[in-house]
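Below, each chain spelled out in residue letters.
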Amino acid sequence: METIGSGRTTPKAALTEGARGPQDERAMFVDVALAVNARRTFTYRVPEGMRAPVGARVVVPFGAKVLVGVVVAQAEQPPPHISESAIKSILAVLDEEPLLSPDLLELTRWVADYYFAPWGEVIRAALPPGLMAAVAEVFSITDAGRAALARLTSARQRRSIRAQILEQLARATSLPASELARKFGARASRAALRDLLRRDQVARHYTIAEPRVKPKLEEVVVWTGDGVPPATEGAAGRRSARADARARLLEWLRKAREPVPLRELAEQTGVRPAAIRALHAEGLVRIFSRPVSRDPLAHVEVSPPEWFELTPEQKAALRQIEEKLDEGVYATFLLHGVTGSGKTEVYIRAMHAALARGKTALMLVPEIALTPMLGRRLRAHFGRDVALLHSSLSEGERFDQWQRVARGEARVVLGTRSAVFAPLPNLGLIIVDEEHDPSYKQDEVPRYHGRDTAIMRALRHQAVVILGSATPSLESYHNVHLGKYVYLHLGERIGGRPLADVHVVDMREVFARYGRQVVLSDELVDALRETIERGEQAILLLNRRGFSSFVLCRRCGLTMRCPRCDVSLTYHRSVEQLICHYCNHRTPVLTRCPSCSSEYIYFAGVGTEQIEERLRRLFPDLRLARLDRDTASRRRAYERILTAFAAGEIQVLVGTQMVAKGHDFPNVTLVGVISVDAILGLPDFRAAERAFQLLTQSAGRAGRGDRPGRVLIQTYYPEHYVLRMAAAQDYEGFYQREIHFRRMLHYPPITALIQLIVQHRDFERARALAEELARHVRAADASGLLRVLGPAPAPLGRLRGRYRLQILIKSSHRLAAHRALDLALENLRASGFDTHALVIDPDPVEVI
């Protein structure tokens, strides 16, 4: 027998009572989206007396499991191709009101269709983590099991896994499968439980586990309205200190006229919590719990908002945006402004305009590191109307912020990629800052692009989109040329400040000067020393973390590589380990070569750790910090580092591309780019674009205050057109040259691109599937509108223990490419091939 129960920690109302939200009373069947590897929904029966509205979470049986899904459609009759007797029933409804609105359901459906992702996976990505309740599989012993256990008399019989599980269950009321797996091993316990179920010696049921996140409660105190008890007199005829404290507390509550947090009341009155609880027992006050929102900006000291005088260019841009807000129609603006031109001020004024028209506003940024400063600035302008949504918040904070938005308590949302699904009602404005950044593309299922999803959401809401960047993506700038986007240009820095002076350091000359490789050139070291002596700040960029990028043996030439990936291991001195940056495989640092036992181990290449160490040796008294994924992994570490740098407590900041994105530090007058050559050498059609964007954005961090800025770029390729055009900040020249290359080779934005990666632990099976897939795609292209390249080994031929083969689909007809791939996948499955080994990536930001 299999049942479902509440467990001891789940409110009973969350179970099979059903929901009271809007639903067609005649609906007897629902389609449910589940987070499983299947691009389809599943039909379930709604039991009599239960209501399952569209957008609500439900608990359903799925094979041998029980899962949580979301209702996406209702019907009076089952689909004609499914026998009604084969349809299972919903086990529980978890929401009294729909969790997802119809417009968000439609948006997630579009994402699922366009990016070839399971709808349930997209919905899970759209919700805060921990909001989806877990369903635990629980086992208990039956009478038949107890009888079987009693018949086991010998020690040998009782040593079997089945017998040990029965003994465990006999001692406990019930045990979850996860606990049995920990004790006896997942595979062994699963096999034993299957056998015990077949013999009817155990019963399986399910409990809805307590959600990982739930509302935070605080105790508050309110005066009941009763009078103050008469004061007692001490031996000297004076009122006792205790009575005086009671009277003072009650008077304080009378004046407050509303519930006061217990902790705050104790601090304000000097009365201990135990004494306040005694007043509650006497009926003079009432203590109860109420939900309190976890505010990630609670620690921020908010200054009054700054209102800057807009430049003529800013005014012209804002005027066009406001016109579209007034019309209430969809429009996408590309705000192309040089670094320091005041794009953020245009964003804030546009938000004010949207809110003044009764709309809500959403602002996306590519990096969590950009949220602290922007969060402070938005809180100064909009107060409690601002909510934050990003992955560095605790699960509780994200839950509370999401709930505030859903309840309409926050009309402005600032967040990273997943905030595009924020449940904002009456959405009027979406801002995508640094719209060119590849971080907006998710690198796992669902592989959606935050910028493009934002545009689609705005289209459905008839909202206005602002795409902002100093280095627009070629796709966005090309859409301007096609007339799809409205072009807004900010060509000058605020206050007429000049762009930073860019100087390229030819590292070939530096090598000739010293006869060896040099990491920090004399030019960069001297510029850094001068900057520090003037009391100014500097940023050094190297887009490679760790200490050394690879380790090799000087005797036999062996390179220490990841056993699961076709990449070398990176040496991290901070933890004394060799680490794979793809699968996180770790191994201790070797002192001898594992091949020839040589002691001549050489650490080659440079990472941010090594730059930090070299600078500490050069400048012992330097106040220095490093910002990369390693140092920013701890909660709010990035915020502490950036806040200290903004306050001048740090003189030099070393980091990866995290330091080059959108930050405004007026005292930074020097930016040093240690090397960008590795990016230029990547086997990717976007390599030049990425390098140009990184260099231009990095240069934009210097000279944003009253003092002029300098940028030094170290390179072994000083003649490269990317270096020359980035130094001149010539975006138009770069675009014209790059778009010619894309047109000649049929790459985006001239054509649509879909990347298919077939991966398998067995190379031959991967090759066979890839060849069959390519054959089906070509066969599905009846109109001849597709270019199908491959299969061929991917540039990274093996990742996480799986061999990877790549197929590229190019077409100037995006819809034709999607339809052909859909048909090919359908035919491939019909042929008996398992498509779980397939990764589908429409509009990839890289093809590595």
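What you see is a predicted model, and the numbers here were worked out from it, not measured in a lab. (Residues numbered from 1 in each chain as written. Predicted model: local features only at pLDDT ≥ 70, side-chain atom pairs only at ≥ 80, totals over all residues. Heavy atoms only, no water.)

Here's the deal with the overall build of the protein
Let me state the cut-off plainly: Each helix corresponds to a stretch of at least 4 residues labelled H or I by DSSP, and each strand to a stretch of at least 2 residues labelled E; elements are numbered beginning at the N terminus. Only C-alpha atoms enter the radius of gyration, while the globule expectation follows 2.2 Å times N to the 0.38, with N the number of residues. In this scheme, a residue with accessible area under 20% of its type's maximum is buried, one over 50% is exposed, and one in between is partly exposed, where area comes from a 1.4 Å probe on protein chains only.
Counting secondary structure elements, the protein contains 26 helices and 34 strands. The C-alpha atoms of the protein give 31 Å as radius of gyration, which agrees with the globular expectation for 848 residues (29 Å, within 12%). Over its C-alpha atoms, taken along the principal directions, the protein stretches across nearly 90 × 85 × 70 Å. Of all 848 residues assigned to the protein, the portion counted as buried reaches 52%.

Notes on the environment of alanine 172
On the secondary structure map, alanine 172 appears in the loop between helix H5 (161-171) and strand S8 (175-176). Judged by relative accessible area, which is 25%, alanine 172 ranks as partly exposed. The spatial distance from the C-alpha of alanine 172 to the C-alpha of glycine 784 is 66 Å, given a sequence separation of 612 residues.

Brief notes about a nonpolar patch on the surface
For clarity, the cut-off: By definition, no residue in a patch forms a salt bridge, and every one has over 30% relative accessible area; like charges are joined within 9 Å, nonpolar side chains (Val, Leu, Ile, Met, Phe, Trp, Tyr) within 5 Å. Note on areas: Shrake-Rupley with a 1.4 Å probe; residue coverage comes only from the protein chains shown. Note on definitions: salt bridges are taken to be side-chain nitrogens of Lys or Arg within 4 Å of carboxyl oxygens of Asp or Glu.
Nonpolar side chains collect at one region of the surface, where Phe511, Tyr716 and Tyr717 lie side by side and expose about 300 Å² of accessible area between them. Along the chain, phenylalanine 511 falls in helix H17 (residues 507-514).

Side note on the confidence of the model for the protein
The test is simple: Per residue, pLDDT measures the predictor's confidence, with a range of 0 to 100. Note on contacts: a residue pair qualifies if any of its non-hydrogen atoms lie within 4.5 Å across the two residues.
Averaged over every residue, the pLDDT of the protein is 89; the share at 70 or more is 93%. Note on residues 1-23: pLDDT is under 50 here. Beyond four places in sequence and across chains, it has 58 contacts. The low-confidence segment residues 229-238, where pLDDT is below 50, has 11 contacts with residues more than four positions distant or belonging to other chains.

A closer look at the pairing of strand S32 (residues 787-799)
Here is the rule: In this description, strands pair whenever DSSP reports at least two bridges between them.
Across seven bridges, the pairing between S32 and strand S33 (residues 802-811) is antiparallel. Considered in S33, the bridge of proline 793 is made with leucine 805. Taken together, S32 and the strand that follows it, S33, pair antiparallel across an intervening segment of two residues, in which arginine 800 is found at a positive phi of about 55 degrees.

Some points on a positive patch on the surface
Convention followed: The positive count covers Lys and Arg only, the negative count covers Asp and Glu only, and His and the chain ends enter neither. Taken as the charge location is NZ of Lys, CZ of Arg, CG of Asp or CD of Glu.
Together, Arg564, Arg761, Arg800 and Arg802 make up a positively charged patch on the protein surface. Accessibility expressed as a relative area gives 38% for arginine 800, which makes it partly exposed.

Looking at the nonpolar core
Definition in use: What we call a nonpolar core is a set of buried Ala, Val, Leu, Ile, Met, Phe, Trp, Tyr and Cys residues that are connected through their side-chain atoms within 4.5 Å.
Core analysis: the largest hydrophobic core is formed by 95 residues, its most contacted members being Ile123, Val413, Leu627, Leu653, Val676 and Val722. Tallying contributions element by element places helix H1 (residues 102-114) first for this core, with seven residues. The residues contacting valine 722, other than those within four sequence positions of it, are Leu680, Ala688, Ala691, Phe692, Leu695 and Phe734. Counting 34 residues, the second-largest nonpolar core is a separate cluster that includes Leu318, Ala353, Leu355 and Val464.

A word on the packing of helix H16 (residues 474-481) against helix H24 (residues 731-745)
As a reminder, the rule being used: Helix axes use the C-alpha atoms of the stretch in contact, all axes being lines fitted to C-alpha atoms, and the angles between their N-to-C directions lie in the range 0 to 180 degrees. In this scheme, roughly parallel covers angles under 35 degrees and roughly antiparallel covers those over 145, while 65 to 115 is roughly perpendicular and the rest are oblique. Any residue outside Ala, Val, Leu, Ile, Met, Phe, Trp, Tyr, Cys, Pro, Asp, Glu, Lys and Arg is labelled polar, Gly included; the first ten of those are nonpolar and the last four are charged.
Direction vectors running N to C along H16 and H24 enclose 95 degrees, while the axes themselves pass 11 Å from each other. If you check the angle between H16 and H24, you find them roughly perpendicular. Counting all contacts with H16, which are made through Leu474, Tyr477, His478 and His481, the residues of H24 involved are Tyr731, Glu732, Phe734, Tyr735, Glu738, Ile739 and Arg742. Each residue belonging to the contact of H16 with H24 can be placed in one class, and the counts come to six nonpolar, two polar and three charged.

Observations regarding the side chain of aspartate 437
Tracing the sequence through the fold places aspartate 437 in the loop between strand S17 (427-433) and helix H15 (450-461). If near-sequence neighbours (up to four positions away) are discounted, aspartate 437 is found in contact with Pro366 and Lys661.

Focus: the pattern of salt bridges
A complete count under the given rule lists 52 salt bridges for this structure. Ionic pairing is found between glutamate 167 and arginine 158, a salt bridge with its closest N-O pair at 2.6 Å. Glutamate 167 gets classed as partly exposed once you look at its relative accessible area, which sits at 21%. One connected set of salt bridges, linked through shared partners, spans Glu475, Arg686, Glu689, Glu738 and Arg742.

Observations regarding the sheet that holds strand S25 (residues 586-588)
Spatially, three strands are ordered S23-S24-S25 in an open sheet, and the strand pairing comes out antiparallel. Whereas interior strands pair on both sides, the edge strands pair on one side only; in this sheet they are strand S23 (570-572) and S25. Sheet twist, expressed as the mean angle between neighbouring strand axes with direction ignored, is 30 degrees. As paired strands, S23 and strand S24 (residues 577-579) are joined by three bridges and run antiparallel to one another.

Brief notes about the packing of H5 against helix H6 (residues 177-184)
The relative placement of two packed helices comes down to the angle between their axes together with the axis-to-axis distance. Put simply, the rule reads: For any pair of crossing helices, the crossing counts as left-handed if the nearer helix is rotated counterclockwise from the farther one by less than a right angle, and right-handed if it is rotated clockwise.
Put simply, H5 and H6 touch, their axes get as near as 12 Å, and they point 130 degrees apart. For the element pair H5 / H6, the angle class is oblique. Classified by chirality, the crossing of H6 by H5 is right-handed. When H5 is examined against H6, the residues Ile161, Gln164, Ile165 and Gln168 are found in contact with a partner set consisting of Leu180, Lys183 and Phe184. Residue classes in the contact of H5 with H6 are distributed as four nonpolar, two polar and one charged.

Observations concerning the pairing of strand S18 (residues 464-469)
To keep things clear, this is the line we draw: We call a crossover right-handed when, viewed with the strands running away from us, the connection from the first strand over the helix to the second turns clockwise.
Counting buried positions over the six residues of S18 gives six, a clear majority of the element. The sheet contact formed by strand S13 (residues 331-337) and S18 spans six bridges and is parallel. Within the sheet, the bridge partner assigned to alanine 331 lies in S18 and is valine 464. Bridge analysis of S17 against S18 gives five bridges, and the strand direction is parallel. When the sheet's bridge partners are listed, leucine 429 is paired in S18 with valine 464. The handedness of the S17 to S18 crossover, carried by H15, is right-handed.

Observations concerning helix H22 (residues 687-699)
Going by this rule: Multiply 1.5 Å by the residue count of a helix minus one, and that product is the helix's expected span.
Look at H22: 18 Å from first C-alpha to last across 13 residues, which is about the 18 Å you get at 1.5 Å a residue. Within H22, 13 of the 13 residues are buried, which leaves the element mostly enclosed by the surrounding structure.

Here we look at the packing of aromatic side chains
Condition: Two rings belonging to Phe, Tyr or Trp (six-membered ring only in the last case) form a pair when the distance between their centres is within 6.5 Å. Interplanar angles under 30 degrees mark stacking, angles over 60 mark edge-to-face geometry, and anything in between is tilted.
According to the stated counting rule, one finds 17 aromatic pairs in the structure shown. With a centroid separation of 4.3 Å and an interplanar angle of 0 degrees, the aromatic rings of phenylalanine 692 and phenylalanine 734 are classed as stacked. Highlighted residues: phenylalanine 692 in helix H22 and phenylalanine 734 in helix H24, separated in sequence by 42 residues. Considered together, phenylalanine 692 and phenylalanine 734 belong to a single accessibility category, that of buried residues. With 6.3 Å between their ring centres and 20 degrees between their planes, tyrosine 721 and phenylalanine 734 make a pair best called stacked.

With respect to the sheet that holds strand S16 (residues 412-415)
Strand-to-strand pairing in sheets goes through backbone hydrogen bonds, with the strands running parallel or antiparallel. Spatially, S15-S16-S14-S17-S18-S13-S19 is the arrangement adopted by the seven strands of the open sheet, whose pairing is parallel. Pairing within the sheet leaves two strands with one partner each, and these edge strands are strand S15 (386-389) and strand S19 (486-490). With direction set aside, neighbouring strand axes in the sheet form an average angle of 20 degrees. Strand contacts of helix H13 (residues 371-382): strand S14 (360-364), S15 and S16, with the helix running at about 170 degrees to S16, the strand carrying the most contacts. Across the sheet, helix H14 (residues 395-406) is in contact with S15 and S16; its angle to S15 comes to roughly 135 degrees.

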